[in-house]
Every structure is written in structure tokens, then in C-alpha cells.
Amino acid sequence: DQQVKQNSPSLSVQEGRISILNCDYTNSMFDYFLWYKKYPAEGPTFLISISSIKDKNEDGRFTVFLNKSAKHLSLHIVPSQPGDSAVYFCAASVGWETSGSRLTFGEGTQLTVNP
Amino acid sequence: NAGVMQNPRHLVRRRGQEARLRCSPMKGHSHVYWYRQLPEEGLKFMVYLQKENIIDESGMPKERFSAEFPKEGPSILRIQQVVRGDSAAYFCASSPRTGGYYTFGSGTRLTVV
């Protein structure tokens, strides 16, 4: 059962425009959500996170929005830059800060930012 | 401060052989996680270890797979009698504490021929 889904395998945007990456989840017990970026032949790197008690978290060009009622989160990148081209993974956890537990990852979305 | 070191980067094994994947966490990190990424899929949790203890192995296949994180030395993921379906990228991550953000290594790409 795929508890975290990223329905768009790929997304292409122009440099300077907004990139919006989407993620849906089914497990209502998830209380912490993270986005990771991955370049080829490298491990994922942490990008931004959000606790379920919030609906928005912002860090520079990156903003994550959480809609708990819809079990949906999105990552906005504004403005997009060619160096942002990578695979973006959404991940979720139950009891992240108390049990340091496992992350459940989505399948990833390949973002391509065209100059 | 070196990051999470995984070796080897690439490993080729024939069916039936053993594969040993090593992971040295970041300095000061005592929590280690192993994930597997099959082609065209996301990362799947395998096991969570602290020094000398397995905390959560609910993602590990029941047979042929084992993991350890000894008091001294790297964490080891061991796959016995490999099969073609074990071909994947295996990522290790470490964190300094419960709920601390992971730092991932660059992965070991296992190919079973």
C-alpha cells in the first residue's frame, strides 16, 4: 500500500517561474512531513519540513503547504532556477520527534527547470 | 566534517553470493537508518539501528537480510544468497538524535548478475 503518493513523475518549468510539486498521503497518523531533493548518483538531501500542527513553512525560495483535511501537501519553489533540477521526494513520519522513526517516501517527481 | 560514507559505491555480485554494504555515520551521529530504492520507485525503509541495538527492523525482508551497528566500526547491511530482485540502490542515513534530520550517504548500487 502506497501511503505517500506523488502523482506527477515529472514537471518542467521555465527559469524564474514557480514550481509546484504535489504530494498526497493516506495515513492520518502522519504528523511530520519532509521534502528531500536528490541529484543523480547522490543521496537525498533535506530541503524543508512541516509539522502537522502548522499549515505553512517557508525557507527562502521554498515554501511547503499542508492541507490536513485533504491529506495533501505541496512544495512551492519561487523563483525556480536551473540548479533546482532534481528529483524531489515527499516523505512522512509518525511520531518523528519522539520515536525518531522511519520515513515513508513518495515515488518522487523529476523537476526540470529550463533556462 | 565528513558526511555519511558508504562503500562500496558500486557492487556486482553473482546470484547466490553474499553482499556486504558498509556505512560510516557522520561524526557524533549514533542513529543509523538503511533504505532501499528499487528502479523507478521511492526509498523504502529497511532498518533503524543505534549503537549495538536494532530499534526497528520492520522493513527488512524476513530472510537473507541482516544489519548491525557495532560499538566500534561502521554499520553493515548484509544480504546472503543474493537474487536479481535485490538489485537496487541502498542508502544509509544517520542522525544525531531521535527526531534529528537525516543526512544520507551517496548510496551503494548493488547489481546482481
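Residues numbered from 1 in each chain as written. Chains lettered and ligands numbered in written order. Predicted model: local features only at pLDDT ≥ 70, side-chain atom pairs only at ≥ 80, totals over all residues. Heavy atoms only, no water.

S.K.: Which residues make up the interface of chain A and chain B, and what are the values?
M.R.: Interfaces are often sized by the accessible area lost when the parts come together. Listed by partner, the interface residues are 23 residues for chain A and 22 residues for chain B. A combined buried area of about 1,700 Å² lies between chain A and chain B, and 57% of that area is made up of carbon and sulfur atoms. By the criterion of area lost to chain B, the three top residues of chain A are Trp 96, Arg 102 and Phe 105 of chain A, representing 30% of everything that side buries. Joining chain A to chain B, the criterion identifies five residue pairs in polar contact (both at pLDDT 80 or more). Listed by contribution, the elements that provide at least two residues to the side of chain A that touches chain B are β4 (32-38), β5 (45-51) and α1 (96-99) of chain A. Split into classes, the residues belonging to the side of chain A that touches chain B amount to ten nonpolar, eight polar and five charged. (Contact = heavy atoms within 4.5 Å. Buried area = accessible area lost by both parts, 1.4 Å probe. Polar contact = N/O pair within 3.5 Å; in protein donor to acceptor, adjacent residues only side chain to side chain. Helix = DSSP H or I, 4+ residues; strand = E, 2+ residues; numbered from the N terminus. Nonpolar A, V, L, I, M, F, W, Y, C, P; charged D, E, K, R; others polar.)

S.K.: Explain the sheet that holds strand β7 (residues 65-68) of chain B to me, using residue names and the numbers behind them.
M.R.: Residues and elements named next belong to chain B. Taking strand neighbours across the sheet as the criterion, the four strands line up as β1-β3-β8-β7 in an open arrangement whose pairing is antiparallel. Edge positions in the open sheet fall to β1 (5-7) and β7, since each of these has one partner strand only. Strand-to-strand, the axes of this sheet are offset by a mean angle of 15°, without reference to chain direction. Pairing of strand β3 (residues 19-24) with strand β8 (residues 75-79) involves five bridges; the strand directions are antiparallel. Among the inter-strand pairings, Cys 23 is bridged to a residue of β8, identified as Ser 75. (Pairing = 2+ DSSP bridges. Axes fitted to C-alpha atoms, helices over the stretch in contact; angles between N-to-C directions.)

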